[in-house]
Amino acid sequence: MTSRERQADGGAKSEKRPRSRTRARRQAVEAEGVLVTGACGRLGLQLVRRLHRIEKVISIDRRPGTLLPADVVHHDIDIRRRKSRDIFRTSGVRAVVHLGIMHDPRRSSAERHSWNVEVFSSILQYIRTYRIPKLVLMSTAAVYGPHPDNPQFITEDTTLMGGARDPELRDLIEVDMAAQSYFWRNPQCETVILRPTHIVGTVRNGVMEYARIKRPLLAMGFDPMVQLVHELDLVTAIERALAPGVSGIFNVAGPGQLPLTRVVEDLDRSPLRLPSRVLRTVIGLSSQLRAVGLRQAQVDYLMYPCMVDTSRSRRKLGLAGMHDIDACILEARHCIAEEP
Amino acid sequence: MPRLSRSSHDATVIDLPFPRATIDRLRRTLAPDFERRAQVIREHYDAQGGDPFGFDFDFAEYVLLVTGIAYRSYFRVEMKGLENVPSGAGLLVANHSGQLPIDGVMIGTGLILDAPEPRLVRSMYDKWASGLPWVSVFLSRVGQVVGRPENSDLLLDNGELLLVFPEGMKGIQKTFQKAYQLDEFGLGFMRLALAHGCPIVPVSVVGAEEQYPAVWDFKYLARKLGIPHAPVPLQALLPFIGPLPLPSKYRITIGEPMMFEGDPDDEDQIIGEKVWVVRHTIQRMLEKGLASRRHVFW
């Protein structure tokens, strides 16, 4: 346990010490639910379906919560609106899980940046104001960025260089850095930052978009090693992160790694290999025409490794028995086959 | 539950335009128990769920057949002291020479083909090479790793055998006048060995200096290119002898493992004293090897 985590533990204990009996009673009654932002997304639904069986779940999302379980209290509003403050104030929130990060490459970068940064700063403000003792942020391993000279397994302490070649990632790095800053400044709040690698399953993200392409593009002369993580394992990681006493930054990835070409073969795809410069041009043009859900800078993932060291999450979150990379590939194949 | 084809016993085999019988014959020529040696290495990495750095024996085997021919027939390598190779983590520290890192290739080939218990030798390559198409894939498939401290830590934690040339580029680019005179050693390998408590195994390579004898250091070009030396090998001045290295006979000696104790973060002077011991040992081994050889080419 690091000095910061000990400090955070101590801080959390002192926070639980109320000033008066009345307040203690009120906290005991009210501090019982987990607030999930972005709960109507595919990963959010999986999380909420697991959490609602064991505790009260409050959802905030701009999308309608028709698929949410009946006992989940859903608020169909924009977190940036003033009304959301009341939800944090009155709902009795013991922890906030922030999944409501916009990744959609079809949205303008200004809109994404505004949403991601403003929403998160609002959440931090509410957590500080209403002394919510736990925050779990779903960041991404993409914040490290794929680089030719990356260590084979990047640890949590590595500098976030993802924005150096991919300007679209800067808002995610800003959110991650803001959470880290909050982690240091507010030891009374247990802050957990999860940085999962490529998530596979029912989610709609870059890697699943890539897996759906009939002839996925590969960069000639490059074959980086890749890791995958199953969405259910990520839900388990969030669940473990919600336990009292857990704080810190954790990389999350399933066991095993494979060269990208093997993953494409196992997905039963016949790849199209292009020189990296041509590939960048093709993806750049297709991206501008909104023909693919990939960005030009994501070509780097087809060339350089960005694998994470998961020893800390295995040790502290107790993540064992996760889906290995073969199981993840089978899951991706299964999800793609089930789509209409 | 469906299984991936890769998981079955019918592993994908690279198809080369040679009859299988020819390749099998070549395997047996290189080592009568080639299959057993290949199996030992495969099983080692299969037990770990594959190599995290991308080593692929199905690919490396074909490279081994080529380097094996050079090892047995071209350089006719004579390896001594193979029993000194540790079974667990260790650092092989060798002199570096010959303009191209053929010495490293020969050490690696010898440890697979001739060692009582075959071992894959891992070495580190410069970061710039990892951005080159084909080169980076080739290097990782044959078991080489990008030169990062995190990577060397991981390799030693996994019980791998690391080959280190502490002279670096300065050593390999020596001109022929300085043949077999060791250049300054870097200190990094000693800090690594102290941090992991693993043995240092000194290795001397005699014969590599003569493969591309550099007769002149083109200092002006070196300055312009921003590199320490720009050696001009004999083959460049006498093009009729061809671009291939001269078929000098390699004599590789693996010394007894050396254990050091101390703080890996000690000052350079303290680490330097330990490094001097290793350097001195290798220099003595080189001198002994040179004294015992009858001729450069046989």
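Rules used throughout
Residues numbered from 1 in each chain as written. Chains lettered and ligands numbered in written order. Predicted model: local features only at pLDDT ≥ 70, side-chain atom pairs only at ≥ 80, totals over all residues. Helix = DSSP H or I, 4+ residues; strand = E, 2+ residues; numbered from the N terminus. Rg over C-alpha atoms; globule rule 2.2 N^0.38 Å. Buried ≥ 20, exposed ≤ 12 C-beta atoms within 10 Å, placed from the backbone. Contact = placed C-beta atoms within 7 Å. Nonpolar A, V, L, I, M, F, W, Y, C, P; charged D, E, K, R; others polar. Axes fitted to C-alpha atoms, helices over the stretch in contact; angles between N-to-C directions. Parallel < 35°, antiparallel > 145°, perpendicular 65-115°, else oblique. Left-handed = near helix turned anticlockwise from the far one by under 90°. Pairing = 2+ DSSP bridges. pLDDT = per-residue confidence, 0-100. Expected span 1.5 Å × (residues − 1). Core = buried A, V, L, I, M, F, W, Y, C linked by C-beta atoms within 7 Å.

> Describe the overall build of chain B, with residues and values.
Looking only at helices and strands, chain B features 11 helices and nine strands. On C-alpha atoms alone, chain B measures out to a radius of gyration of 20 Å, which is about the 19 Å that the 2.2 N^0.38 rule sets for 298 residues. With respect to the three principal axes, the spread of C-alpha positions in chain B is 60 × 55 × 40 Å. Within the span of chain B, comprising 298 residues, buried residues form 38% of the whole. For chain B, long-range pairs separated by at least 24 residues make up 76% of all intrachain contacts whose partners lie at least 6 apart in sequence.

> Pulling in residues and values, what's your account of the overall build of chain A?
Summing up its helical and strand segments, chain A has 12 helices and 13 strands in all. By the compact-globule yardstick of 20 Å for 340 residues, chain A fits well, its C-alpha radius of gyration being 20 Å. For chain A, the C-alpha atoms occupy an extent of roughly 70 × 40 × 35 Å along the three principal directions. Out of the 340 residues in chain A, the part that is buried amounts to 46%. When contacts within chain A are restricted to residue pairs at least 6 apart in sequence, those whose partners lie at least 24 apart make up 76%.

> Describe in detail the interface of chain B and chain A, supporting the description with residues and values.
Across the boundary between the two partners, chain B contributes 21 residues, which contact 20 residues of chain A. Counting only elements with at least two residues in the side of chain B that touches chain A, the list comes to α5 (135–141) and α6 (149–157) of chain B. A per-element tally of the side of chain B that touches chain A places α6 of chain B first, with three residues. Counted by class, the side of chain B that touches chain A contains nine nonpolar, eight polar and four charged residues.

> Explain the environment of Val296 of chain B to me, using residue names and the numbers behind them.
Inspection of the secondary structure assignment puts Val296 of chain B in the segment after α11 (268–292). Setting aside its immediate chain neighbours within four residues, Val296 of chain B contacts Glu210 and Ser248 of chain B.

> Help me get a handle on the packing of helix α3 (residues 42–51) of chain A against helix α8 (residues 231–241) of chain A, residues and values and all.
Between two packed helices, what matters for the description is the angle formed by their axes and the separation of those axes. Residue and element names in this part refer to chain A. Packing of α3 against α8 leaves a shortest axis separation of 10 Å and a crossing angle of 55°. Looking at the two axes, α3 sits oblique to α8. Once α3 is placed against α8, the crossing between them reads as right-handed. Contacts between α3 and α8 involve Leu43, Gln46, Leu47, Arg50 and Leu51 from the first element and Glu231, Leu232, Leu234, Val235, Ile238 and Glu239 from the second. In terms of residue class, the contact of α3 with α8 is made up of seven nonpolar, one polar and three charged.

> Help me get a handle on the sheet that holds strand β4 (residues 93–98) of chain A, residues and values and all.
All names here are of chain A. Spatial strand order, β3-β2-β1-β4-β5-β6-β11: seven strands in an open sheet with parallel pairing. Strands at the two margins of the open sheet, each flanked by one partner only, are β3 (73–75) and β11 (248–252). Averaged over neighbouring strand pairs, the angle between their axes works out to 20° when direction is ignored. Judged from the five bridges that link them, strand β5 (residues 134–138) and strand β6 (residues 190–196) form a sheet pairing that is parallel.

> Tell me about the confidence of the model for chain A, residues and numbers included.
All names here are of chain A. With 90% of its residues at a pLDDT of 70 or more, chain A has an overall mean of 86. Predicted confidence for residues 1–22 stays below pLDDT 50, and this span has 21 contacts to residues more than four positions away or in other chains. Counting contacts from residues 24–31, a segment whose pLDDT is below 50, to residues more than four positions away or on other chains yields five contacts.

> Hey, could you go over the confidence of the model for chain B for me, with residue numbers and the actual values?
Looking at chain B, the pLDDT average stands at 88 and 94% of residues meet or exceed 70. This prediction of the complex comes with two scores: 0.85 for pTM and 0.83 for ipTM.

> Explain helix α6 (residues 170–185) of chain A to me, and be specific about the residues and the numbers.
Residue and element names in this part refer to chain A. Between its terminal C-alpha atoms α6 stretches 22 Å, which fits the 22 Å expected from 16 residues at 1.5 Å a residue. Those residues of α6 that sit buried are Asp171, Leu172, Ile173, Val175, Asp176, Ala179, Tyr182 and Phe183. Turning to α6, the residues buried within the fold contact α5 (109–129), β5 and β6.

> Give a detailed account of the nonpolar core, specifying residues and quantitative values.
One recurring pattern in soluble globular proteins: nonpolar side chains tend to sit buried together. Core analysis: the biggest nonpolar cluster contains 101 residues, and Val96, Val136, Leu194, Ile238 and Ala241 of chain A have the highest contact counts within it. In contact with Val96 of chain A, other than residues within four places in its own chain, are Leu35, Ile123, Ile127, Ile132 and Leu135 of chain A. With 55 residues, the next largest nonpolar core counts Ala60, Val121, Val142 and Val205 of chain B among its residues.

> Just give me the short version of the sheet that holds strand β5 (residues 161–164) of chain B, but keep the residues and values in it.
Residues and elements named next belong to chain B. What the seven strands build is an open sheet, ordered β1-β9-β6-β2-β5-β3-β4; its pairing is mixed. Strands at the two margins of the open sheet, each flanked by one partner only, are β1 (78–80) and β4 (145–146). Helix α4 (residues 102–113) contacts β1, β2 (90–94), β3 (121–125), β5, β6 (200–206) and β9 (251–254) of the sheet and is inclined by roughly 160° relative to β3. Together, β2, β6 and β9 form the strand contacts of α11, whose direction differs from that of β6 by roughly 35°.

> I'd love a proper account of the packing of helix α3 (residues 57–74) of chain B against α4 of chain B, names of residues and values included.
Residues and elements named next belong to chain B. Axis separation between α3 and α4 bottoms out at 10 Å; the angle between their running directions is 100°. With respect to α4, the axis of α3 lies roughly perpendicular. Facing α3, whose interface residues are Leu64, Thr67, Gly68 and Tyr71, α4 presents Val105, Met106, Thr109, Gly110, Ile112 and Leu113.

> Requested: an account of unusual backbone geometry, with residues and values cited.
In this structure, Asp268 of chain A is a non-glycine residue whose phi angle is positive, near 60°. By secondary structure assignment, the location of Asp268 of chain A is in the loop between α9 (260–266) and β13 (272–274). You can call Asp268 of chain A exposed: it has 12 C-beta atoms within 10 Å. For Arg76 of chain B, which is not glycine, the phi torsion reads 45° and is therefore positive.

> Describe the environment of Asp71 of chain A, naming the residues involved and giving the relevant values.
Mapped onto the elements of the fold, Asp71 of chain A is located in the loop between β2 (56–60) and β3. With 15 residues separating them in the primary sequence, Asp71 of chain A and Lys56 of chain A have C-alpha atoms 8.0 Å apart.

> How would you summarise the pairing of β4 of chain A if you had to cite specific residues and measurements?
Residue and element names in this part refer to chain A. Most of β4 is tucked away: five of the six residues are buried. Note that strand β1 (residues 33–37) and β4 share five bridges and pair parallel. If you follow Thr37 over to β4, its bridge partner there is His98. Judged from the three bridges that link them, β4 and β5 form a sheet pairing that is parallel. Within the sheet, the bridge partner assigned to His98 lies in β5 and is Leu137.

> Please give an account of α3 of chain A that cites residues and values.
Buried residues of α3 of chain A: Leu43, Gly44, Leu45, Leu47, Val48 and Leu51 of chain A, and no others. In this fold, the buried residues of α3 of chain A make contact with β1, β2, β4 and α8 of chain A.

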